[in-house]
Structure formats: structure tokens, C-alpha cells
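# Geometric and topological summary
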Amino acid sequence: MEKNFPYDRQQTHSLQAPPCYDNTQVYPNFNQPQPILQQPQIMQAPPNVLGGVPSMATCPSCGVWRQTKVEFEPSTKTHLLALLICMLGGIGCCCIPYCTESCQSAKHTCSSCGAYVGTYKN
Ligand SMILES: [Zn+2]
């Protein structure tokens with residue numbers, strides 16, 4: 001004797017509902033805030049603040065924190081200023097920027113080992 005399952009007959013003849021697309025559930029994690037990774041703070045030497053005068057700075061070569069030596073050397077601004085003075089008629093005065101420290105770059109060197117530390121541009 002065969003058993004007829006009414007269950008099979010119902011399934012073959014019933015209309016299946018179209019699948020429901022619910023867009024709100026597609027990206028459930030899209031708007032979640034990302035965790036902020038905290039990087040460990042590394043203690044560093046204070047940055048060298050160089051001016052037109054000998055300044056306290058850390059030597060990159062020997063690492064000593066002490067006053068630098070300053071040498072003045074002409075920069076691009078010095079040459080431009082001399083050219084400007086020359087064009088204005090002061091040919092005899094065009095050497096003034098080369099003699100004026102404020103018109104030149106201050107080159108800082110280590111007073112301990114003589115290594116180059118940095119340049120302050122006026
Ligand atoms: Zn040094």
C-alpha cells in the first residue's frame with residue numbers, strides 16, 4: 001500500500017512567494033565607528049629651534065644638547081637683494097647684503113664636534 005502524503009501535493013501546487021530583499025540588513029557593520037588605535041607615545045628630544053644667533057640644540061652627530069656655533073653664509077635672498085640694489089643704481093652698495101648678518105643664512109654647527117646641525121634662513 002502506498003501512502004500519499006498530502007504534504008507533497010501541497011508543495012508542488014502552492015505559489016512560492018518571491019524572496020524578500022531587505023536592503024537595511026545588507027551591510028549591518030557599514031556605519032559602525034572604527035576603533036581608534038592609540039599609538040604609544042615615544043619620548044623624543046625637543047626639536048631644535050634655531051635662530052640667527054647661537055642657539056641651544058641637540059647635535060645629530062654626538063647627541064649633545066648645547067649651544068651651537070653660527071656661521072653666516074649668503075643665501076638666495078642675499079644674492080637677490082644684492083642684485084636689487086645693483087639694479088637700483090647702488091653698484092657700490094651691492095656688497096652690503098654680504099656684510100649684513102641679517103641678510104644671510106645662519107649655519108649652525110655643533111660646538112663640540114663641529115657637525116652640521118641646521119640652517120636658519122632669515
Ligand atoms: Zn656634536
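Above this text sits the structure in question.
Nothing here was measured: the structure is a model prediction, and the numbers come from that model.

Next up on the list: the pairing of strand β4 (residues 116–120). Where strand β3 (residues 104–110) meets β4, 4 bridges bridge the pair, whose relative direction is antiparallel. Of the residues in β4, the one forming a bridge with His108 is Gly118. The hairpin turn running from β3 into β4, its antiparallel successor, is 5 residues long, and Gly114 in that turn takes a positive phi close to 80 degrees.

Moving on: the sheet that holds strand β1 (residues 56–58). Within the open sheet, the 4 strands sit side by side as β1-β2-β3-β4. Their pairing is antiparallel. The sheet is open, and its two borders are formed by β1 and β4, each paired with just one other strand. Averaged over neighbouring strand pairs, the angle between their axes works out to 45 degrees when direction is ignored.

Next up on the list: the environment of Ser75. Tracing the backbone shows Ser75 in the loop between β2 (65–74) and α2 (76–87). C-beta crowding within 10 Å serves as the criterion here: with 18 such atoms nearby, Ser75 is assigned to the partly exposed category. Ser75 sits 22 residues away from Pro97 along the chain, and the two C-alpha atoms are 9.9 Å apart. Once residues lying within four places of it in the same chain are set aside, the contact partners of Ser75 are Gln104, Ser105 and Lys121.

Now for the environment of Leu50. On the secondary structure map, Leu50 appears in the loop between α1 (6–13) and β1. Assessed through the 20 C-beta atoms surrounding it within 10 Å, Leu50 is described here as buried.

Turning our eyes to something else, we now look at the nonpolar core. Soluble globular proteins tend to bury their nonpolar side chains together. By size, the foremost hydrophobic cluster in this structure holds 5 residues: Leu50, Ala57, Cys59, Cys110 and Val117. Dropping the residues within four chain positions of it, Cys59 is found in contact with Val64, Cys110, Ser112, Cys113, Ala115 and Val117.

Burial analysis of β3 places 6 of its 7 residues in the buried class, which makes it a mostly covered element. Direction of pairing for β2 relative to β3: antiparallel, over a ladder of 7 bridges. The partner of Glu71 across the bridge, within β3, is Lys107.

How each quantity is defined
Residues numbered from 1 in each chain as written. Predicted model: local features only at pLDDT ≥ 70, side-chain atom pairs only at ≥ 80, totals over all residues. Pairing = 2+ DSSP bridges. Helix = DSSP H or I, 4+ residues; strand = E, 2+ residues; numbered from the N terminus. Axes fitted to C-alpha atoms, helices over the stretch in contact; angles between N-to-C directions. Buried ≥ 20, exposed ≤ 12 C-beta atoms within 10 Å, placed from the backbone. Contact = placed C-beta atoms within 7 Å. Core = buried A, V, L, I, M, F, W, Y, C linked by C-beta atoms within 7 Å.

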